[in-house]
Structures are given as C-alpha cells and as structure tokens.
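Chains, contacts and geometry: an overview
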Amino acid sequence: GESVGLHLPTLSVQEGDNSIINCAYSNSASDYFIWYKQESGKGPQFIIDIRSNMDKRQGQRVTVLLNKTVKHLSLQIAATQPGDSAVYFCAETVNSGNTPLVFGKGTRLSVIA
Amino acid sequence: DGGITQSPKYLFRKEGQNVTLSCEQNLNHDAMYWYRQDPGQGLRLIYYSQIVNDFQKGDIAEGYSVSREKKESFPLTVTSAQKNPTAFYLCASSPNRYGYTFGSGTRLTVV
C-alpha cells in the first residue's frame, strides 16, 4: 500500500498492551476534537470525538482525554491489536465544527505481534 | 450504500497539464472539503464548500480550482500553476458541524 507519512513520530507497542497517542493542539478557542485512523493508501476513518465541555470520553477499546489547560489531547487504545496499526491524527475546530477541521501531523502506531 | 467516492484512485499528470479529480457523495451532506496530504505532514485544507454554488479557499488554494454546481459533487482541478502537485488528495463531506466522512483518496503524480 501507499505510505501516508514517511517521517511521522512512531509508537511501537506489543500486541495486547495499551497504547497512548498524544496530540498538542494549537488553538485555545477550539471546542471540538476528533481522532481519526488512517491505514495505508486509504482515507481517514472516524474513531472518537470530544467536545470542550468534557474531559474524557470512552468508546469501544478507546478513550479520549482532553486537557484544555495545556491544550493536550490523548487517545488511549486498550489491548492493542495488529489491526490497530495505522497513522492516527487528531483534528480540532472552533465554533463547534462550523469551520473546517485542522489536522495534526499524525503518529504512526506499529503493533508488534 | 451511502458514501463518498473519489476517482480516479491514481492519476498521472504531465508538466503544464490541468487535471480534475472527482468527488461524489450520496450522503446528502451540505459541506464538502478537499485536503492535500504529503508524507510527514498532516492534512492541509485546499478548498471547502458549505452550500451549493459557494466555496471558500483553504490554507493552500493557490494552483487549484473547484466548483460546486450540485450538492453531490465537488470536483477539484489541479492547474499548471500548481508547481508541486504530487500528493495524496482527500475529499470529505459533513452533514452539518460534525463528523467528516472521507473518500478513499486520489494519488496524483507528475510525470
């Protein structure tokens, strides 16, 4: 498949371990955040979102944490599986998404079987 | 099935040539977007449209043009003025404020 990022930060984890992917966002006025997963040669897929009035949101095997004080977002993946290997992007927007999403540079997650 | 379709998957452009990338959605979404993705970088916004017959420039609009004559369609033309067009192009749509749905992308290469 095609590479979506040759020089991205990389996180390598053992299968079954938990993964934590971090993102520092840029705009203190951002009020809506999304995590996307992108597999090689494909478009990004929605994972989980969070609004600025929340600190934490949980999905299936994933948790997003938001720290507005330091403008930091994290994605936690429980019991990481080989199928989780991909590039992960955080995205932010202001005005509850009425302006286009601004994407971070991404982190490549590699799962070691 | 509802979705967003980009075509072609691979596209080759000669120097000085204009090419058009197709993006079609049947999700009844009002807003559509074009992003460019280069290795080692995130997605950068080229153009977006929130309603038919209206569109706005993004961060890197120079050398690109778009149209939004129909709600379902948002084609992107890469003109000869774009000096470094080799990249992966992603189209997305959204119904309102939240939840982008992305297409599978078009990889454009200059030959």
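Preceding block: the structure.
Residues numbered from 1 in each chain as written. Chains lettered and ligands numbered in written order. Predicted model: local features only at pLDDT ≥ 70, side-chain atom pairs only at ≥ 80, totals over all residues. Heavy atoms only, no water.

A word on the overall build of chain A
We count it as follows: Strands are runs of DSSP state E lasting at least two residues, helices are runs of H or I lasting at least four, and both sets are numbered from the N terminus onward. For the radius of gyration, the atoms used are the C-alpha atoms, and the globule rule reads 2.2 Å times the number of residues raised to 0.38. Burial classes: relative accessible area under 20% of the type maximum marks a residue as buried, over 50% as exposed, and values in between as partly exposed (1.4 Å probe, protein chains only). All accessible areas in this document rest on Shrake-Rupley with a 1.4 Å probe, and a residue is counted as covered only by the protein chains that are shown.
Along chain A, the regular secondary structure elements total zero helices and 10 strands. Along the chain direction, N to C, the helices and strands of chain A fall in the order β-β-β-β-β-β-β-β-β-β. For chain A, the C-alpha radius of gyration of 14 Å lies close to 13 Å, the compact-globule estimate for 113 residues. Overall, the C-alpha framework of chain A stretches about 40 × 25 × 20 Å when taken along its three principal axes. Per-residue burial for chain A yields a buried fraction of 43% across its 113 residues. Here chain A has roughly 5600 Å² of accessible surface; of this, 46% comes from carbon and sulfur atoms.

As for the environment of Ile-112 of chain A
Residue and element names in this part refer to chain A. Quick note on the threshold: By definition, residues are in contact when any of their heavy atoms lie within 4.5 Å.
Mapped onto the elements of the fold, Ile-112 is located in strand β10 (residues 107-112). Along the backbone, Ile-112 and Gly-16 are 96 residues apart, and their C-alpha atoms lie at a distance of 9.3 Å. Contact partners of Ile-112, with chain neighbours within four places excluded, come to Ser-12, Val-13, Gln-14 and Glu-15.

Some points on the layout of surface pockets
Test applied: In this analysis the probe radius is 1.4 Å and the grid spacing 1 Å, with only protein atoms considered; a cavity is a set of points the probe fits into but cannot get out of, a pocket is an open set with protein on both sides within 12 Å along at least five of seven lines, and lining residues have an atom within 4 Å of a point. Grid points are joined across faces, edges and corners, and a volume is the space filled by probe spheres set on the points. Ten residues, namely Ala, Val, Leu, Ile, Met, Phe, Trp, Tyr, Cys and Pro, are considered nonpolar, four, namely Asp, Glu, Lys and Arg, are considered charged, and the remaining ones, Gly among them, are considered polar.
Size it by volume and the largest pocket reaches roughly 250 Å³. The wall of the largest pocket is formed by 20 residues, among which Pro-100, Leu-101, Val-102 and Phe-103 of chain A together with Asp-59 of chain B lie closest to the centre. Contributing elements (two or more residues each) for the lining of the largest pocket: β8 (86-93) and β9 (102-103) of chain A together with β5 (43-51) of chain B. Taken together, the residues of the lining of the largest pocket break down into eight nonpolar, eight polar and four charged.

Side note on the state of the cysteines
Counted only if it meets this: What counts as a disulfide here is a pair of cysteine sulfur atoms lying within 2.5 Å.
On inspection of all chains with the given rule, the structure shows two disulfides over all chains. Covalent S-S linkage joins Cys-23 of chain A and Cys-90 of chain A, the inter-sulfur distance amounting to 1.7 Å. You can see Cys-23 of chain A sitting in strand β2 (residues 19-24) and its partner Cys-90 of chain A sitting in strand β8, a full 67 residues away along the chain. A residue is classified by how much of its surface remains accessible, and Cys-23 of chain A, at 8% relative accessible area, is buried. Across the disulfide, Cys-23 of chain B is cross-linked to Cys-91 of chain B (sulfur-sulfur distance 1.9 Å). Where Cys-23 of chain B bonds to Cys-91 of chain B through sulfur, the torsion about that S-S bond is close to -75°, and the disulfide is left-handed. Placement of the pair is Cys-23 of chain B in strand β3 (residues 19-25) and Cys-91 of chain B in strand β9 (residues 87-94), with a sequence separation of 68 residues. The exposure classification of Cys-23 of chain B matches that of Cys-91 of chain B, with both residues buried.

Brief notes about the sheet that holds strand β1 (residues 4-7) of chain B
Residue and element names in this part refer to chain B. How we decide: DSSP calls a pair of strands paired once it identifies at least 2 bridges connecting them. Interaxial angle, 0 to 180 degrees, is taken between N-to-C directions of lines fitted to C-alpha atoms, where a helix line uses only the stretch in contact.
Ordered in space as β1-β3-β8-β7, the four strands form an open sheet in which the pairing is antiparallel. Both edges of this open sheet fall to β1 and β7 (64-66), since each of them pairs with a single strand only. Ignoring strand direction, the axes of neighbouring strands in this sheet form an average angle of 20°. Note that β3 and strand β8 (residues 76-78) share three bridges and pair antiparallel. Residue pairing for β8: Thr-20 is matched across the bridge by Thr-77.

Structural notes on the side chain of Thr-79 of chain B
Stated formally: Pairing of N or O atoms within 3.5 Å defines a polar contact, subject to two protein rules: one partner must be a possible hydrogen donor and the other a possible acceptor, and residues neighboring in sequence count only if both atoms are side-chain atoms.
Positionally, Thr-79 of chain B belongs in the loop between β8 and β9. A polar side-chain atom of Thr-79 of chain B sits 3.0 Å from the main-chain carbonyl oxygen of Gly-63 of chain B.

Remarks on the pattern of salt bridges
Residue and element names in this part refer to chain B. The cut-off we apply is this: A pair is scored as a salt bridge if a Lys or Arg side-chain nitrogen falls within 4 Å of a carboxyl oxygen belonging to Asp or Glu.
In this structure the tally under the stated criterion is eight salt bridges over all chains. Residue Asp-30 is joined to Lys-71 by a salt bridge in which the shortest nitrogen-to-oxygen separation is 3.3 Å. Here Lys-71 lies in the loop between β7 and β8 and Asp-30 lies in the loop between β3 and β4 (31-37), a separation of 41 residues in the sequence. Asp-30 gets classed as partly exposed once you look at its relative accessible area, which sits at 36%.

As for unusual backbone geometry
Following Ser-7 of chain B, the chain continues to Pro-8 of chain B via a peptide bond in cis, the omega torsion being -10°. Assignment of secondary structure puts Pro-8 of chain B in the loop between β1 and β2 (10-13). Unlike most non-glycine residues, Lys-71 of chain A shows phi in positive territory, near 55°. Within the fold, Lys-71 of chain A resides in the loop between β6 (62-67) and β7 (72-77).

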